[in-house]
Amino acid sequence: MNDCILLVDDEKDLVNGLKRSLQRRLAGIEILTTTSPHAAIDLVSEKSVGIALLDISMPEMNGLDLLENLQKIDSRLTVIMMTAFGSIELAVEAMRRGAYDFITKPFDNDVLIRVIHKALERNRLIRENINLKNRVCEKEAFARFIGQSLPLKRFYERLKIIAKSDYTVLIRGESGTGKELAAHAVHDLSSRKNKKLVVVNCPAIPEHLLESELFGHKRGAFTGAEHDHKGMFDEADGGTICLDEIGDIPVSIQTKLLRVLQEQEIRPLGAEKSHKIDVRVVAITNQDLEMKIGERSFREDLFYRLNVMTLRTPSLVEIKEDIPLLANHFVKFVCCELDIPEKSLSKEAIKSLM
């Protein structure tokens, strides 16, 4: 979100004159103009517009309908309605629907600039609020990671970059290095953070049940299927699904999973048709998938579908300087869990661990 201003009025001379006036008094702010409400919708979809000044009465689309369309694209957009004296009631109605303010034609330049400055201040406060929320969210996402070593800091930075995309992620690393924590952080820092994160422990589900658990089934699909069952991909629709220990799923399920990644659709067992889903896949493994490909126990085409973006959790050897922090953290955790007085490790114990 920035302070770019969009002027929309069907009178070309008016928007051009208004643009020149604003450019003289609002240095450094980009001013966009259009006489078409439909072009305005395209501009707000394509560019980061902070403030929109909309005429109430336009033949192609009235200002109230345009306001509604623009708010669907960006609910944070600051909208100021421009109206003639005879349609002030419509301007008031626009404010009820979410417009920030209105000004009347012909314009008093000082009043117009004052209203725009208030709108710019509103945008600044919205930006600060968003930045604050992002910092809090980021802090919470990394709260369970312990350590301040350089490899871990680099890992944090890469994780934040990956989280902002919507691509499939393969998280690799040794056992106990925080792969599932990383999956949670990827979800928590993504645009899907307000939707569901579904974690599937693949080896814990028997092979004959795994397909049904992932993709669901229809009543009568197999013996004992007395009701329709929603699978975990459907549960995660709109959000993220984390497939833990992806290297352990059988080849038969790998084939179906490949189709899900390719087509973004699933077909429950016993269903006649597939249906679309919107799920981000995060896969976790501590196994050598390349070796499993060579052994023909893991599909190469599935590997490349999963390995769009890779995140490697640093090993303990790589973050050796974090061992004192980690050791003391776990000691405190156990003391709390056992409800005993807090203890600390001696220098000799830390040295031995190092």
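Right above here is the structure, for reference.
The shown structure was predicted, so the numbers you read here are calculated from the model rather than taken from an experiment.

**Student:** If you had to explain the overall build of the protein chain to someone new, which residues and values would you point to?
**Tutor:** Counting its regular elements, the protein chain contains 14 helices and 12 strands. A globule of 354 residues ought to have a C-alpha radius of gyration of about 20 Å, yet the protein chain, at 28 Å, is considerably larger. When its C-alpha atoms are laid out on the principal axes, the protein chain stretches across 75 × 65 × 40 Å. Burial analysis of the protein chain (354 residues in total) assigns 44% to the buried set. Within the protein chain, residue pairs in contact and separated by at least 24 positions form 70% of the contacts whose partners lie at least 6 positions apart. Looking at the protein chain as shown, the accessible area adds up to about 19400 Å², and 50% of this sits on carbon and sulfur atoms. Positive and negative side-chain charges in the protein chain, numbering 50 and 54 respectively, have mean positions lying 3 Å apart.

**Student:** How would you sum up the packing of aromatic side chains? Please name residues and give values.
**Tutor:** Tallied over the entire structure, the rule returns 5 aromatic pairs. Centroid distance F145 to Y156: 5.9 Å. Interplanar angle 70°. Geometry classified as edge-to-face. Taken together, the positions of F145 in the loop between helix 5 (109–141) and helix 6 (150–164) and Y156 in helix 6 put the pair 11 residues apart, joining distant regions of the chain. F145 sits in the buried class, given a relative accessible area of 11%. Here F155 and Y156 contribute two aromatic rings whose centre-to-centre distance is 6.3 Å and whose plane-to-plane angle is 55°, an arrangement assigned as tilted. Residue classification places Y156 among the buried positions, given a relative accessible area of 11%. Cluster of aromatic residues (ring-pair linked, three or more members): F145, F155 and Y156.

**Student:** So what about the layout of surface pockets? Which residues, and what values?
**Tutor:** The volume enclosed by the largest pocket comes to roughly 510 Å³. Considering the residues around the largest pocket, the lining is formed by 22 residues, among which I146, G176, T177, L326 and F330 are closest to the centre. Counting only elements with at least two residues in the lining of the largest pocket, the list comes to helix 6 and helix 13 (323–338). By residue class, the composition of the lining of the largest pocket is 13 nonpolar, 7 polar and 2 charged.

**Student:** Lay out the environment of A221 with the relevant residues and their values.
**Tutor:** As for its position among the elements, A221 is in the loop between helix 8 (207–215) and helix 9 (232–235). Along the chain, A221 and V317 lie 96 residues apart, while their C-alpha atoms are 49 Å from each other. What A221 contacts, discounting residues up to four positions off in sequence, is L269 and G270.

**Student:** Describe the nonpolar core, with residues and values.
**Tutor:** By size, the foremost hydrophobic cluster in this structure holds 31 residues, and its most contacted members are V200, F233, I241, L243 and I246. For this core, the secondary structure elements donating two or more residues are strand 7 (197–201), helix 8, helix 9, strand 8 (240–244), helix 10 (251–263), strand 11 (280–285), helix 11 (289–294) and helix 12 (300–306). Ranked by residues supplied to this core, first place goes to helix 10 with 5 residues. Excluding anything up to four places from it in sequence, V200 contacts I205, L214, M232, I241, C242, L243 and D244. Within the second largest apolar cluster, 23 residues are counted, among which are C4, I56, M61 and L67.

**Student:** Lay out the sheet that holds strand 7 with the relevant residues and their values.
**Tutor:** The strand order across the open sheet built from 5 strands is 7-8-11-6-12, with neighbouring strands paired in parallel fashion. Unpaired on one side and paired on the other, strand 7 and strand 12 (309–312) mark the two borders of the sheet. Strand-to-strand twist across the sheet, computed as the mean angle between neighbouring axes with direction ignored, equals 20°. In this structure, strand 8 lies alongside strand 11, joined through 4 bridges in parallel fashion. Looking across to strand 11, one finds that C242 is bridged to V282. Against the sheet, helix 7 (residues 179–188) contacts strand 6 (169–172), strand 7, strand 8, strand 11 and strand 12, and its axis sits at roughly 165° relative to strand 11.

**Student:** Please give an account of the sheet that holds strand 1 (residues 5–8) that cites residues and values.
**Tutor:** Taken in spatial order, the 5 strands of this open sheet run 2-1-3-4-5, and their pairing is parallel. Either end of the sheet is taken by a strand with one partner, and the two such strands are strand 2 (31–34) and strand 5 (101–105). The mean inter-strand angle of the sheet, taken between neighbouring strand axes irrespective of direction, is 20°. In this sheet, strand 2 lies alongside strand 1 in parallel orientation, the contact comprising 4 bridges. Bridge pairing links I5 to I31 in strand 2. Packed onto the sheet, helix 4 (residues 88–96) meets strand 4 (78–84) and strand 5 and runs at close to 165° relative to strand 5.

**Student:** Now, about a nonpolar patch on the surface: what can you tell me, with residues and values included?
**Tutor:** A cluster of nonpolar side chains, contributed by F333, V334, L338 and I340, occupies part of the molecular surface with about 360 Å² of accessible area. Positionally, L338 belongs in helix 13. Judged by its relative accessible area of 55%, L338 falls in the exposed class.

What counts as what
Residues numbered from 1 in each chain as written. Predicted model: local features only at pLDDT ≥ 70, side-chain atom pairs only at ≥ 80, totals over all residues. Heavy atoms only, no water. Helix = DSSP H or I, 4+ residues; strand = E, 2+ residues; numbered from the N terminus. Rg over C-alpha atoms; globule rule 2.2 N^0.38 Å. Buried < 20%, exposed > 50% of the residue type's maximum accessible area, 1.4 Å probe, protein only. Contact = heavy atoms within 4.5 Å. Areas by Shrake-Rupley, 256 points an atom, 1.4 Å probe, with all protein chains shown as cover. Lys, Arg positive; Asp, Glu negative; His and termini not counted. Charge placed at Lys NZ, Arg CZ, Asp CG, Glu CD. Phe/Tyr/Trp six-rings, centres within 6.5 Å; stacked < 30°, edge-to-face > 60°. 1 Å grid on protein atoms, 1.4 Å probe; cavity = no way out; pocket = protein on both sides within 12 Å on 5 of 7 lines; lining within 4 Å. Points joined across faces, edges and corners; volume = space filled by probe spheres on them. Nonpolar A, V, L, I, M, F, W, Y, C, P; charged D, E, K, R; others polar. Core = buried A, V, L, I, M, F, W, Y, C linked by side-chain atoms within 4.5 Å. Pairing = 2+ DSSP bridges. Axes fitted to C-alpha atoms, helices over the stretch in contact; angles between N-to-C directions. Patch = residues over 30% accessible without salt bridge, like charges linked within 9 Å, V, L, I, M, F, W, Y side chains within 5 Å. Salt bridge = Lys/Arg side-chain N within 4 Å of Asp/Glu carboxyl O.

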